[in-house]
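Chains, contacts and geometry: an overview
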Amino acid sequence: MAEKVKKKRVGPITFFRQVRAEGAKVTWTSRQETIQATIFVVIMSVLFALFLFAADLVIGWFVKTVTGL
């Protein structure tokens, strides 16, 4: 059987130093990349909403036609 490895606990100061060091390793996006991604998400959300609206209209029309309501 595998033995459980007990992890060494660190104090809060050491923990926050490690968090800061890991945060420094992250490759952050530039302001321009963030703006472009945001615009893309907004456009795709609007297009998807329009698609769902059109699909709802078509399905609603179809159900009314079939059921005669």
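Note: the structure precedes this text.
Overview of the structure.

The rules behind these values
- Residues numbered from 1 in each chain as written.
- Predicted model: local features only at pLDDT ≥ 70, side-chain atom pairs only at ≥ 80, totals over all residues.
- Heavy atoms only, no water.
- Patch = residues over 30% accessible without salt bridge, like charges linked within 9 Å, V, L, I, M, F, W, Y side chains within 5 Å.
- Areas by Shrake-Rupley, 256 points an atom, 1.4 Å probe, with all protein chains shown as cover.
- Salt bridge = Lys/Arg side-chain N within 4 Å of Asp/Glu carboxyl O.
- Helix = DSSP H or I, 4+ residues; strand = E, 2+ residues; numbered from the N terminus.
- Buried < 20%, exposed > 50% of the residue type's maximum accessible area, 1.4 Å probe, protein only.
- Expected span 1.5 Å × (residues − 1).

**Focus on a nonpolar patch on the surface**
A contiguous nonpolar surface patch, about 920 Å² in accessible area, is contributed by Ile-35, Ile-39, Phe-40, Val-41, Val-42, Ile-43, Met-44, Val-46, Leu-47 and Leu-50. Checked against the element boundaries, Ile-35 lands in helix H2 (residues 31-67). The partly exposed category is assigned to Ile-35, whose relative accessible area is 39%.

**Observations regarding H2**
With 37 residues, H2 ought to run about 54 Å at 1.5 Å a step, and its terminal C-alpha atoms sit 53 Å apart, in line with that. With its phi angle positive at about 75°, Gly-68 sits one or two positions after the end of H2.

**Some points on the pattern of salt bridges**
Applying the stated criterion across every chain yields a total of one salt bridge. Glu-22 is the partner of Lys-25 in a salt bridge, and the nearest nitrogen-oxygen pair spans 3.2 Å. Here Glu-22 and Lys-25 lie together in helix H1 (residues 12-25), a separation of three residues that amounts to about one turn. A residue is classified by how much of its surface remains accessible, and Lys-25, at 60% relative accessible area, is exposed.

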